[in-house]
Amino acid sequence: MDVTAPSSWFFGFKKHCKNHPYLILILIASIVFIALMILNSVYSDQQVFIKYALIGGTAGFLATAIGTLPALFIKEIPRKLSDTMLGFAAGMMLAAAAFSLLLPGIEAAIDISGSAFLGGMIVLFGMIMGVALMMGLDEFVPHEHLDSGPCGAGHEAYSSAWLFVFAIALHNFPEGMAIGVGYAQGDLSVGIPLTTAIALQDIPEGLAVAVTLRATGFKAGFSVLIAAATGLLEPLGALLGVSLAGGYLIAYPIGLGLAGAAMLFVVSHEVIPETHSNGNKTVATIGLMIGFALMMLLDTTLG
């Protein structure tokens, strides 16, 4: 599937910016804020934490790659099974955002500020930045929702298959960022259950991507390779996460709030609508509840 010239995308991007000036300002503001947090962490000693984050992000990538392998032998899976698996992944992401990101963030913020209200506001600020980042990326990165079709600036320049790959890459980026933030202060009780949860739910996600690519006409080996490659956003996101939350102490709860909100955005905006668009709401919800319960147990056991 050919991708048209980059100039076509750039023309679409400029047009999108003109039509959505407030959203591009929101995206720029969130990126500038993240850049400032990363600059703040440059002079901190994070070598061990960066190592943890890279290991965690690589685990997510490997889980995605492992999940793609059955697509070498099967060309499709029943839609009901696919929606159940994605519901399971959504449940794990929801629980991870709550138990491994937002609650530890609030606890850390209260310890820093000495106030429950201020602690909550610190994490809320991070959540606002996370939502702003994901809203901007969703609006300006070309991708495709299975339930509502192609969207994003310049999406006309890409085939449907590539738009789907970009959508999964957008899913994986906040997951990797969450892993990195979880290790930013060396707290393994946050990082380990978070990494475990994200790696587990990456397996069915990897299979769903590879099978979808096969269904669009790609050969089995190429479908597996491209689907596995989307997992590379996780170690890259982990590096970003550990960097943005590794400076001043207050950056840690802000980073946890940012990553938690980014994951909540993906689940609410992308995964749940997709699993509910094919008449499989009940099995998708059961899958979500199982994933949520499993993550809750993992957090209790490993945290």
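Note that this is a predicted model, so its numbers are computed, not measured.

## Looking at the pattern of salt bridges
Inference 1: Throughout the structure, instances matching the rule amount to two salt bridges.
Inference 2: Measuring nitrogen to oxygen at the nearest pair gives 3.9 Å for the salt bridge that ties Glu274 to Arg79. Of this pair, Glu274 sits in helix H10 (residues 251-275) while Arg79 sits in helix H4 (residues 79-113); the two residues are 195 residues apart in sequence, bridging distant segments of the chain.
Inference 3: The exposure class assigned to Glu274 is buried, which follows from its relative accessible area of 12%.
Inference 4: Given the relative accessible area of 33%, Arg79 is considered partly exposed.
Inference 5: Beyond isolated ion pairs, a larger network of salt bridges with shared partners links Arg79, Asp83 and Glu274.

## Structural notes on the environment of Met263
Inference 1: Looking at where Met263 falls in the secondary structure, it is placed in helix H10.
Inference 2: For Met263 and Ala96, which are 167 residues apart along the polypeptide, the C-alpha to C-alpha distance reads 8.7 Å.

## What about empty space enclosed by the protein?
Inference 1: One pass over the structure, following the stated rule, counts two cavities of 30 Å³ or more.
Inference 2: Of the voids in this model, the second largest cavity is the one considered here, and its volume is about 40 Å³.
Inference 3: Taken together, Met134, Asp138, Leu170, His171, Phe265, Val266 and Glu270 make up the full set of residues lining the second largest cavity.
Inference 4: Elements with a minimum of two residues in the lining of the second largest cavity: helix H5 (116-140), helix H6 (160-182) and H10.
Inference 5: The biggest single contributor to the lining of the second largest cavity is H10, with three residues.

The rules behind these values
Per chain, residue numbering runs from 1 following the sequence as it is written. pLDDT decides what is reported in this predicted model: residues at 70 or higher carry local features, side-chain atom pairs at 80 or more are listed and counted, and totals for whole chains, interfaces and linings draw on all residues regardless. Only hydrogens and water are removed before side-chain values are computed, so all heavy atoms of the structure are retained for them. Any carboxyl oxygen of Asp or Glu within 4 Å of a side-chain nitrogen of Lys or Arg constitutes a salt bridge here. In this description a helix means any DSSP run of H or I spanning at least four residues, a strand means any run of E spanning at least two, and both kinds are numbered starting from the N terminus. Exposure categories follow from relative accessible area, calculated using a 1.4 Å probe and restricted to protein chains: below 20% of the type maximum is buried, above 50% is exposed, and the middle band is partly exposed. Using a grid of 1 Å spacing that covers the protein atoms alone, one calls a set of points a cavity when a 1.4 Å probe fits there but cannot get out, and a pocket when the set is open and has protein on both sides within 12 Å along at least five of seven lines; lining residues are those with an atom within 4 Å of a point. Grid points are joined across faces, edges and corners, and a volume is the space filled by probe spheres set on the points.

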